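Descriptive structure summary
Each chain, letter by letter, is given below.
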2 protein chains.
Amino acid sequence: MPAGAALSGGVAGPDALRPLLDAVLAGLADGAALRGGPLPAGGPAGVAALVAAALGDREHRATSATGEPAEPSGQGHPGEALADDGNHPARGRAGEPAVPDDVLRRLTALLTRGSADPADPACAAHLHCPPLALAVAADLAVSALNPSQDSWDQAPAATELETALVRDLAALVGYDPATAAGVITSGGTESNLMGLMLSRDHALGRAGGHATELGGLPRDLSPRIFASEAAHFSVQRAAAVLGLGERAVTAVPVDRDLRMDPAALDVLLKEAVGRGETPVAVVATAGTTDTGGIDPLPQLADIAERYGVWLHVDAAYGGGALLSDRLAPLLAGVERADSLSLDWHKLGWQPAPAGVFLVRRAETYAPLARRAVYLNPADDEEAGYPSLLGLSLRTTRRPDAFKIAATLAALGRTGLGRLVDTCHDLAHHAAATVRAHPLLELHTTPVLTTAVFRYRPASGLPADADRVNAALRRRLLTEGRAVVGRTELPGRGPGRVRLKLTLLNPHTTPAQVDALLATVVAAGQAEERDEAERAGEPEGVLEGVPA
Amino acid sequence: MPAGAALSGGVAGPDALRPLLDAVLAGLADGAALRGGPLPAGGPAGVAALVAAALGDREHRATSATGEPAEPSGQGHPGEALADDGNHPARGRAGEPAVPDDVLRRLTALLTRGSADPADPACAAHLHCPPLALAVAADLAVSALNPSQDSWDQAPAATELETALVRDLAALVGYDPATAAGVITSGGTESNLMGLMLSRDHALGRAGGHATELGGLPRDLSPRIFASEAAHFSVQRAAAVLGLGERAVTAVPVDRDLRMDPAALDVLLKEAVGRGETPVAVVATAGTTDTGGIDPLPQLADIAERYGVWLHVDAAYGGGALLSDRLAPLLAGVERADSLSLDWHKLGWQPAPAGVFLVRRAETYAPLARRAVYLNPADDEEAGYPSLLGLSLRTTRRPDAFKIAATLAALGRTGLGRLVDTCHDLAHHAAATVRAHPLLELHTTPVLTTAVFRYRPASGLPADADRVNAALRRRLLTEGRAVVGRTELPGRGPGRVRLKLTLLNPHTTPAQVDALLATVVAAGQAEERDEAERAGEPEGVLEGVPA
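Residues numbered from 1 in each chain as written. Chains lettered and ligands numbered in written order. Predicted model: local features only at pLDDT ≥ 70, side-chain atom pairs only at ≥ 80, totals over all residues. Heavy atoms only, no water.

A count of helices and strands for chain A gives 14 helices and 12 strands. Here chain A holds 547 residues, and 67% of them are scored as buried. Here the analysis covers contacts within chain A between residues at least 6 apart in sequence; of these, 71% occur between residues at least 24 apart. A total accessible area of about 17300 Å² is found for chain A, and carbon and sulfur atoms account for 54% of it. (Helix = DSSP H or I, 4+ residues; strand = E, 2+ residues; numbered from the N terminus. Buried < 20%, exposed > 50% of the residue type's maximum accessible area, 1.4 Å probe, protein only. Contact = heavy atoms within 4.5 Å. Areas by Shrake-Rupley, 256 points an atom, 1.4 Å probe, with all protein chains shown as cover.)

This part takes up the pairing of strand β8 (residues 355-359) of chain A. Residues and elements named next belong to chain A. The element β8 is largely enclosed, with a buried count of five among its five residues. The alternating pattern of β8 places Gly355, Phe357 and Val359 on one face and Val356 and Leu358 on the opposite face, and all of these are buried. Note that strand β7 (residues 339-343) and β8 share five bridges and pair antiparallel. Bridging from a neighbouring strand, Leu340 pairs with Leu358 of β8. (Pairing = 2+ DSSP bridges.)

What connects the two chain copies is a rotation about an axis and a shift along it. Rotating chain B by 180° about the axis while translating it 0.0 Å along that axis superimposes it on chain A, leaving an RMSD of 0.0 Å. Accordingly, the operation relating the two chain copies is best matched by a two-fold axis. (Least-squares fit on C-alpha atoms with pLDDT ≥ 70 in both.)

Right, let's get into the side chain of Ser186 of chain A. Within the secondary structure, Ser186 of chain A is located in the loop between β2 (181-185) and α7 (188-206). Polar contacts involving the side chain of Ser186 of chain A include one to the side chain of Glu190 of chain A, which spans 2.6 Å. When neighbours within four sequence positions are excluded, Ser186 of chain A is seen to be in contact with His345, Pro353 and Arg394 of chain A together with Arg394 and Thr396 of chain B. (Polar contact = N/O pair within 3.5 Å; in protein donor to acceptor, adjacent residues only side chain to side chain.)

All names here are of chain A. As for its position among the elements, Ala511 is in helix α14 (residues 510-535). Exposure remark for Ala511: the relative accessible area of 53% places this residue in the exposed category. Here the alpha-carbon distance between Ala511 and Leu419, two residues 92 residues apart in the chain, equals 18 Å.

All names here are of chain A. Here helix α8 (residues 234-241) lies mainly inside the structure; seven of its eight residues are buried. Taken as a whole, α8 has its buried residues at Ser234, Val235, Arg237, Ala238, Ala239, Ala240 and Val241. One or two steps after α8, the chain reaches Gly243, where phi turns positive at roughly 80°.

For the rest of this paragraph, the subject is the sheet that holds strand β7 (residues 339-343) of chain B. Residue and element names in this part refer to chain B. As summarised here, the arrangement of the seven strands in space is β2-β8-β7-β6-β5-β3-β4, forming an open sheet in which the pairing is mixed. The outermost strands of the open sheet, each flanked by one partner alone, are β2 (181-185) and β4 (249-252). Going from strand to strand, the sheet's axes swing by 20° on average, the running direction of each strand aside. Across five bridges, strand β5 (residues 278-285) lies against strand β6 (residues 310-315) in parallel orientation. Bridge pairing in β6 places Thr285 opposite Asp314. (Axes fitted to C-alpha atoms, helices over the stretch in contact; angles between N-to-C directions.)

Here we take up unusual backbone geometry. In this structure, the amide linkage connecting Ala352 of chain A to the following residue, Pro353 of chain A, adopts the cis form with an omega of -5°. Summarising the element assignment, Pro353 of chain A is placed in the loop between β7 and β8. The backbone phi angle of Asn146 of chain B is positive, close to 55°, even though this residue is not glycine. With respect to the helices and strands, Asn146 of chain B occurs in the loop between α5 (133-145) and α6 (156-173).

A separate point is the environment of Gly524 of chain A. All names here are of chain A. Relative to the helices and strands, Gly524 resides in helix α14. Placed 56 residues apart in sequence, Gly524 and Val468 show a C-alpha to C-alpha distance of 6.7 Å. Ignoring any residue separated from it by four or fewer positions in sequence, one finds Gly524 in contact with Tyr455, Val468 and Leu472.

Residue and element names in this part refer to chain B. According to the stated counting rule, one finds six aromatic pairs over all chains in the structure shown. Ring plane angle 85° and centroid distance 5.1 Å describe the contact between Trp152 and Tyr385, whose orientation is recorded as edge-to-face. Of this pair, Trp152 sits in the loop between α5 and α6 while Tyr385 sits in the loop between α11 (378-382) and α12 (401-436); the two residues are 233 residues apart in sequence, bridging distant segments of the chain. In this pair, the class of Trp152 matches that of Tyr385, namely buried. When the ring of Phe357 is compared with that of Tyr365, the centres are 6.0 Å apart and the planes differ by 90°; the resulting orientation is edge-to-face. Tyr365 carries the same exposure label as Phe357, and that label is buried. (Phe/Tyr/Trp six-rings, centres within 6.5 Å; stacked < 30°, edge-to-face > 60°.)

Time to look at the pattern of salt bridges. Inspection of every chain in the model, using the stated rule, returns 86 salt bridges over all chains. Two residues, Glu527 of chain A and Arg534 of chain A, come together in a salt bridge whose shortest N-O distance is 3.7 Å. Relative accessible area serves as the criterion here: at 8%, Glu527 of chain A is assigned to the buried category. Arg259 of chain B serves as the salt-bridge partner of Asp255 of chain B, at 3.0 Å between the closest nitrogen and oxygen. Exposure remark for Asp255 of chain B: the relative accessible area of 32% places this residue in the partly exposed category. (Salt bridge = Lys/Arg side-chain N within 4 Å of Asp/Glu carboxyl O.)

Time to look at the confidence of the model for chain A. Residues and elements named next belong to chain A. Put simply, chain A has an average pLDDT of 90, and 88% of its residues get 70 or more. Taken together, the stretch residues 57-79 has pLDDT below 50 and engages in 49 contacts with residues farther than four places along the chain or on a different chain. The low-confidence segment residues 84-98 (pLDDT under 50) makes 34 contacts with residues lying over four places distant or belonging to another chain. On the interface metric, ipTM, the complex scores 0.93, and its pTM is 0.93. (pLDDT = per-residue confidence, 0-100.)

Right, let's talk about the interface of chain B and chain A for a bit. Tallying the contact residues gives 174 residues for chain B and 175 residues for chain A. Here chain B packs against chain A, burying approximately 14800 Å² in sum over the two surfaces, 64% of which is carbon and sulfur. Inspection of the chain B/chain A interface yields 16 salt bridges. Here Asp22 of chain A ties to Arg18 of chain B by a salt bridge, and the two come within 3.9 Å at their closest N and O atoms. Along the contact surface separating chain B from chain A lie 48 residue pairs in polar contact (both at pLDDT 80 or more). The leading source of residues in the side of chain B that touches chain A is α12 of chain B, at 13 residues. The class makeup of the residues in the side of chain B that touches chain A is 97 nonpolar, 47 polar and 30 charged. (Buried area = accessible area lost by both parts, 1.4 Å probe. Nonpolar A, V, L, I, M, F, W, Y, C, P; charged D, E, K, R; others polar.)

Taken N-terminus to C-terminus, the directions of helix α1 (residues 13-35) of chain A and α5 of chain B make an angle of 35°; their axes are 9 Å apart at the nearest point. Of the two possible hands of crossing, α1 of chain A and α5 of chain B adopt the one that is right-handed. Residues Ala16, Leu17, Leu20, Leu21, Val24 and Leu28 of chain A of α1 of chain A pack against Ala133, Leu134, Val136, Ala137, Ala138, Leu140, Ala141, Ala144 and Leu145 of chain B of α5 of chain B. Per-class residue counts for the contact of α1 of chain A with α5 of chain B are 15 nonpolar, no polar and no charged. (Left-handed = near helix turned anticlockwise from the far one by under 90°.)

All names here are of chain A. According to the domain assignment, chain A consists of domain 1 (142-411) and domain 2 (414-532). Between domain 1 and domain 2, the contact holds 29 residues from the first and 24 residues from the second. It is Asp290, Arg326 and Trp349 in domain 1 that bury the most area against domain 2; as a group they hold 29% of the surface buried on that side. For the interface between domain 1 and domain 2, the tally reads two salt bridges. (Domains from an automatic or database assignment.)

All names here are of chain B. Spatially, five strands are ordered β1-β11-β12-β10-β9 in an open sheet, and the strand pairing comes out mixed. Of all the strands in the sheet, just β1 (123-124) and β9 (440-442) have a single pairing partner and so form its edges. One ladder, built from two bridges, connects β1 with strand β11 (residues 483-488); its direction is parallel. By the bridge assignment, Ala124 is partnered in β11 with Val484. Here helix α14 (residues 510-536) sits on the sheet and contacts β1, β9, β10 (450-455), β11 and β12 (497-502); the angle it forms with β10, its principal contact strand, is near 25°.

A word on the UniProt feature "modified residue: N6-(pyridoxal phosphate)lysine" (unreviewed entry) in chain A. Per the UniProt record, "modified residue: N6-(pyridoxal phosphate)lysine" (unreviewed entry) is found at Lys346 of chain A. In this structure, Lys346 of chain A sits in the loop between β7 and β8. Given a relative accessible area of 11%, Lys346 of chain A falls into the buried group. Every residue in contact with Lys346 of chain A, bar those within four places of it in the chain, is listed here: Leu127, Cys129, Ala316, Tyr317 and Leu504 of chain A together with Thr396 of chain B. (UniProt positions renumbered as here; feature names shortened; annotations may be inferred.)

As structure tokens, then:
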């Protein structure tokens with residue numbers, strides 16, 4: 001048996017894992033110390049060089065760690081390992097796991113050194129949370145045991161645990177757990193795809209077709225999905241995947257907080273019906289990626305009900321508000337959704353993925369029902385074997401429910417709610433600092449845990465603001481000083497670029513937020529100085545010369 | 001900050017993780033010892049009771065571990081944690097991570113005790129591999145750092161590492177890495193969906209439509225997908241998701257080894273074209289789930305080329321043969337596929353998921369291209385920031401590439417090839433034992449690492465064989481003695497139920513395989529005895545009485 005072939009499972013698993021986990025912890029520590037900030041400096045070229053150097057360098061150190069002379073080719077490079085013989089005896093003797101440990105420590109240090117680490121207070125760009133150590137540790141148990149949720153006999157206890165968790169999450173959103181259903185997903189994109197698929201088949205079923213079981217989409221149908229201008233792009237992507245086409249998505253106007261205008265939705269629905277089109281779904285967003293804006297759920301539910309249209313709520317971000325007594329009222333009405341998306345790898349502090357898809361009525365899940373003779377034969381079902389196969393678009397499926405369940409068991413809703421509130425407070429603190437700063441401009445009051453703003457360049461011209469803000473963010477990345485978000489407001493023309501702090505680290509202090517904003521201002525000023533210098537350089541003489 | 005809120009990242013991460021990982025290792029050891037076999041005895045009801053008892057019981061032990069009196073309600077239950085206040089001060093003091101450790105150890109022990117552990121030689125039902133400890137440890141680094149592949153600034157080094165790995169994997173299958181493209185996926189089901197989506201848009205693009213970008217599927221098209229009768233059910237599922245409908249999939253007949261008949265494919269394609277239908281894709285299977293049968297790839301590639309149809313190869317299982325010098329020739333022709341699926345969580349010993357999707361020509365990826373202003377704005381791309389967003393159907397995406405790369409670095413292709421060969425040998429050993437046993441019947445010679453067979457009941461009647469084989473497998477599950485596969489051969493009528501050993505544990509010995517088969521025979525005999533007894537019991541007097 002080659003070195004490194006020890007398994008994680010069984011009675012011997014823990015002892016096989018222990019030295020390897022020590023190597024990973026050492027690599028995490030090495031890499032964090034080497035990085036010394038929120039991300040590596042040097043930008044894409046610098047990171048590419050770092051990775052290339054580490055891979056090329058590995059051979060020498062790996063072989064020297066075994067006391068053997070260096071191999072003629074880079075045995076430690078994954079790619080060269082594929083091309084050449086990656087298992088030369090010199091790389092480790094049976095029973096001596098020195099080489100796997102060494103490879104792990106070095107590759108982990110590389111990954112760590114080259115990470116944008118959301119646990120650093122200056123890494124605050126995306127809905128990219130710093131995970132809880134306890135959730136990460138729970139995830140290790142899942143990797144080690146490798147259960148798969150596509151059949152009971154690959155995941156007996158995990159099947160029970162996911163079922164219990166889904167029931168609890170259904171109750172959290174206000175569904176009746178006895179009649180709701182759901183599954184853990186790879187994230188909001190998959191959850192949105194599932195919601196829109198079920199809505200498609202629901203609408204087509206009523207229109208006489210049934211895309212899933214029968215011969216595809218009916219020929220005489222013009223399906224329409226209504227989502228706000230600020231809805232996540234995965235709605236368009238889902239429409240494309242589902243064969244409806246991206247153009248099936250009608251963008252409904254939003255207000256300044258990026259919330260859907262219900263009156264506009266009403267008009268657009270009326271017009272679509274008047275043209276003989278088939279409304280398939282209204283997608284409400286509870287927590288837009290940028291402003292955290294929450295569409296007016298009760299009004300949208302009324303409208304969807306009036307037109308008999310499926311209501312899907314994308315609460316991938318805003319669902320976290322349900323954990324907080326202070327913020328939960330923002331999601332009133334979510335319990336009227338036919339389906340919804342939650343992401344515990346956003347406001348839930350789980351390592352990705354930890355998506356959740358729920359439907360209010362289990363029977364609407366029917367188009368996904370699936371019988372596979374090798375996974376859930378009818379006689380097994382009669383004998384009482386539960387199957388989650390028909391709840392997911394995937395087949396092999398890691399029980400990501402476990403880390404969520406462990407987190408809830410340790411922290412409870414209240415513990416998690418405190419983390420949500422802390423991040424909400426940080427966003428308001430950031431907004432106050434931005435408001436008070438003459439060189440910064442706030443877009444709108446934070447709703448959840450983001451602050452959207454921009455640096456004001458001296459000229460005040462919209463195109464200058466766009467260019468300088470985009471450039472200052474890249475400057476911070478290249479210098480390894482900060483990871484701040486960059487986005488664009490809906491609409492057309494210049495002046496829409498904004499910066500964003502997505503505050504998901506509850507250990508970040510208000511002073512660290514202020515320091516981060518000061519860093520942004522300094523980068524904006526440096527960018528303007530550099531622009532002015534470049535304008536004075538020789539290529540400036542070409543101005544006015546026809547191309 | 002509530003207890004349990006420590007983060008896994010940053011300089012403090014390793015120290016926060018260490019005691020929690022110790023708790024998980026202890027829980028894995030506790031659970032494996034308590035289980036004492038391949039799975040818990042008692043069947044679904046037994047496992048449900050185990051989980052319920054552990055969740056109900058946890059409160060008492062959790063609180064007693066802190067030295068505090070028991071709480072009035074079960075604070076340790078994830079669900080109750082949501083419903084009640086799960087963060088009572090009694091559960092842990094700031095700086096004392098005793099409670100999170102305790103919760104983790106107990107929940108891990110529960111998951112472990114309730115697992116079907118593929119590291120046990122008697123757990124051999126599914127393409128559900130026992131993962132390598134080193135891959136599991138590598139996965140921990142990913143959980144701890146939480147990179148996400150949807151933008152460079154969430155995963156600088158991980159973006160580079162995945163890009164390098166995909167290039168290496170393209171070379172492994174015989175693609176030109178300079179012109180191929182690909183991505184790491186959640187498994188064969190997602191990879192098959194991607195291949196069929198690209199084939200759909202390729203076919204529709206030529207037919208004048210373009211489902212992804214434009215208004216959905218053209219109205220005048222009858223799309224057809226050709227896959228063998230033994231192809232994975234995810235092909236039908238993909239057709240349903242994509243709006244083509246399950247009926248768009250034409251099942252091509254197979255031989256006894258479950259390999260597609262190329263002559264039949266040719267006829268079916270000719271007929272479809274004659275009817276004015278649009279062939280969208282031929283799906284070849286390289287390694288059917290049951291027999292490991294590999295469709296005749298060179299002939300199918302010739303036919304697909306002749307009709308100008310996209311060839312997708314589902315090598316989720318058989319792709320592992322590429323790691324073995326002995327078995328790689330079975331996959332000759334795979335390099336002619338337009339797209340293909342590989343799963344390193346099958347013959348690659350990774351914890352799930354570790355799927356791979358590859359296309360031969362990067363330009364065929366165009367329908368998935370995606371621009372999100374907050375993830376990959378055009379000016380970032382111009383500034384040299386790479387983006388993997390348009391390569392995946394997901395948005396948030398954990399770098400599952402890392403564990404694969406670490407495994408390759410430590411074991412190399414040759415080391416992994418030895419594991420493949422060992423499992424292949426075990427399957428042949430199982431087949432020889434089955435052939436030699438009067439009460440067992442082999443279906444066909446193993447191709448990869450499965451042996452498909454059945455127990456012969458005394459009557460020899462097909463319906464009896466089906467019932468007894470299905471029942472003996474459940475008997476083994478209920479007794480906690482073995483997890484063997486159960487499937488049905490393609491076709492209609494009784495006599496198609498088969499048992500299956502899927503041998504993915506390279507540490508299993510031939511003697512353990514023989515012991516497992518002896519256990520199967522004993523269970524078959526016990527089942528027949530019990531049936532005979534039941535037939536002699538009082539309800540037997542009802543025989544012949546009209547219902």
